[in-house]
Amino acid sequence: MSLPNIKLADGNTIPQIGLGLWQVKDQAEFNTAVNAAIEAGYRHFDTAQAYDNEYFLGEVWKKSGLKRDELFITTKIAVTNFGHRKALKSFEESLKNLQTDYVDLLLLHFPVTLLRKGAWQALEEIRSTGGTKSIGVSNYTIRHLEEMKSYAKEMPAINQVELHVFLQQPELVKYCRDNNIVVEAYSPLAHAKAMDNEVIAQIAKKHGKTYAQIMLSWLVEQDMVVIPKSVTLSRIRENIDIFDFKLDKEDLAELANQDRDMRTCWSPVHVP
Ligand SMILES: NC(=O)c1ccc[n+]([C@@H]2O[C@H](COP(=O)([O-])OP(=O)(O)OC[C@H]3O[C@@H](n4cnc5c(N)ncnc54)[C@H](OP(=O)(O)O)[C@@H]3O)[C@@H](O)[C@H]2O)c1
C-alpha cells in the first residue's frame, strides 16, 4: 500500500499519516503498538523529549529490520530545554535515545516566551549540520509565527497544532497555507473526547467507514498531516485505512459546521 506524502517548503516530504506516541509510557505496550503500526504500513512516528519514550522508539525501530531512511521520525524540544544552549545539548540526548544520527523533523514543542528565539536558532544550526532534515514549531499562533519573521533565517516547514472537526482554527490554517507552512494536526480525534457527534456518525454510515476515519479523512482532504495515537491494534489499522474514499461537498459543508472551538490540550493563545 502506498501512502501519500506531503511536500514541505524545504523540499523534503513527510508521510501524511503518522502514529502519535504521547502518553505511551509502558515499553511493552509501546513495542506492540509500533510493531503493529509498521505491519499496517505506518512509517512516521511522532515522539517528543517530554513523552519519555524516545528511548523506546530507538529500541523498537532498531529491531524492526527497517533501514533508517525508510522511517520518518519526529521529536520535539521540551519546554524545559528551551534556550539556545540547552536545546542543542538536549537534542544530542534525543539522538542517543533514538539510536540515530539524525531525525526527519525537529520541532519546538511550545512557544516559550523569551526563550523561543534562541531555541529556534539552535534548530537552524542543527539543520545546517545535518542533525535534522526539517525544522518546525508546535502550538504556534499567528502572532508567534509573525514574530519569527524578525529573527528566523528559515521559517518553519511545519506547525503542529491541535486541529480536528471540533477545533478547526480556520484563520491559522489560512495563514499557514499563505506562508507555505504545512499544518500537522495533533489530537486529530479530539483525544477521543467527542465520539458521539450525530453528523459524523451519519457521514460514517453513508461511506461505510468509522467515526474516527471520517474525522481523519476531513483533515487529510485538506492536505494536513495527521498523527492519531492508538495502542489498540484494530484502531491502529483502522486509522490508516482512510485513503480509499473521499468526502463529498455535502459532507464537507456539514463538517465545517461542527466547529466548537473545543480544545482538549494546552492552549498557546494567551502566551505573550
Ligand atoms: N505538540 C503537542 O503539543 C501535542 C499535543 C498533543 C498531542 N500531540 C501528538 O498528537 C498525537 C495524537 O494526539 P492525542 O494522543 O492527544 O489524541 P488523538 O490521537 O486525537 O486520540 C487518541 C485517543 O483516541 C483513541 N483512539 C484512537 N483511535 C481510535 C479509533 N479509531 N476509534 C476510537 N478511539 C480511538 C485512543 O485510544 P487507544 O490508544 O486506547 O486506542 C486515545 O484514547 C499524540 O500522541 C502526540 O504524538 C502533540
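The structure contained in this document is the topic of the report that follows. Model, not experiment: these values are computed from the prediction.

### Section: the nonpolar core
Right, on to step 1. Within the largest apolar cluster, 74 residues are counted, with the highest numbers of intra-cluster contacts made by Val34, Leu57, Leu123 and Val226.
Right, on to step 2. With seven residues, the top contributor of residues to this core is helix 8 (residues 211–220).
Right, on to step 3. Discounting residues that sit within four places of it in the chain, Val34 has contacts with Leu19, Phe45, Leu57 and Val60.

### With respect to the environment of Phe245
Right, on to step 1. Position of Phe245 relative to the elements: it lies in the loop between helix 9 (233–240) and helix 10 (249–256).
Right, on to step 2. In the structure, Phe245 is positioned 38 residues away from His207 in sequence and 7.7 Å away in space, judged by C-alpha atoms.
Right, on to step 3. Setting aside residues no more than four positions away along its own chain, Phe245 makes contact with His207 and Lys209.

### Topic: the pairing of strand 8 (residues 158–162)
Right, on to step 1. Counting buried residues in strand 8 gives five out of five residues, a clear majority hidden from the surface.
Right, on to step 2. Side chains of strand 8 alternate between two faces, with Ile158, Gln160 and Glu162 and Asn159 and Val161 buried alike.
Right, on to step 3. As paired strands, strand 7 (residues 132–138) and strand 8 are joined by three bridges and run parallel to one another. The residue of strand 8 that forms the bridge with Gly136 is Ile158.
Right, on to step 4. Traced from strand 7 through helix 5 (residues 142–148) to strand 8, the parallel crossover comes out right-handed.
Right, on to step 5. Pairing between strand 8 and strand 9 (residues 182–186): five bridges, direction parallel. Across the sheet, the residue bridging to Val161 is Ala185, located in strand 9.
Right, on to step 6. What joins strand 8 to strand 9 is helix 6 (residues 170–178), and the crossover it makes is right-handed.

Parameters and conventions
- Residues numbered from 1 in each chain as written.
- Predicted model: local features only at pLDDT ≥ 70, side-chain atom pairs only at ≥ 80, totals over all residues.
- Core = buried A, V, L, I, M, F, W, Y, C linked by C-beta atoms within 7 Å.
- Buried ≥ 20, exposed ≤ 12 C-beta atoms within 10 Å, placed from the backbone.
- Helix = DSSP H or I, 4+ residues; strand = E, 2+ residues; numbered from the N terminus.
- Contact = placed C-beta atoms within 7 Å.
- Pairing = 2+ DSSP bridges.
- Right-handed = clockwise from strand over helix to strand, strands pointing away.

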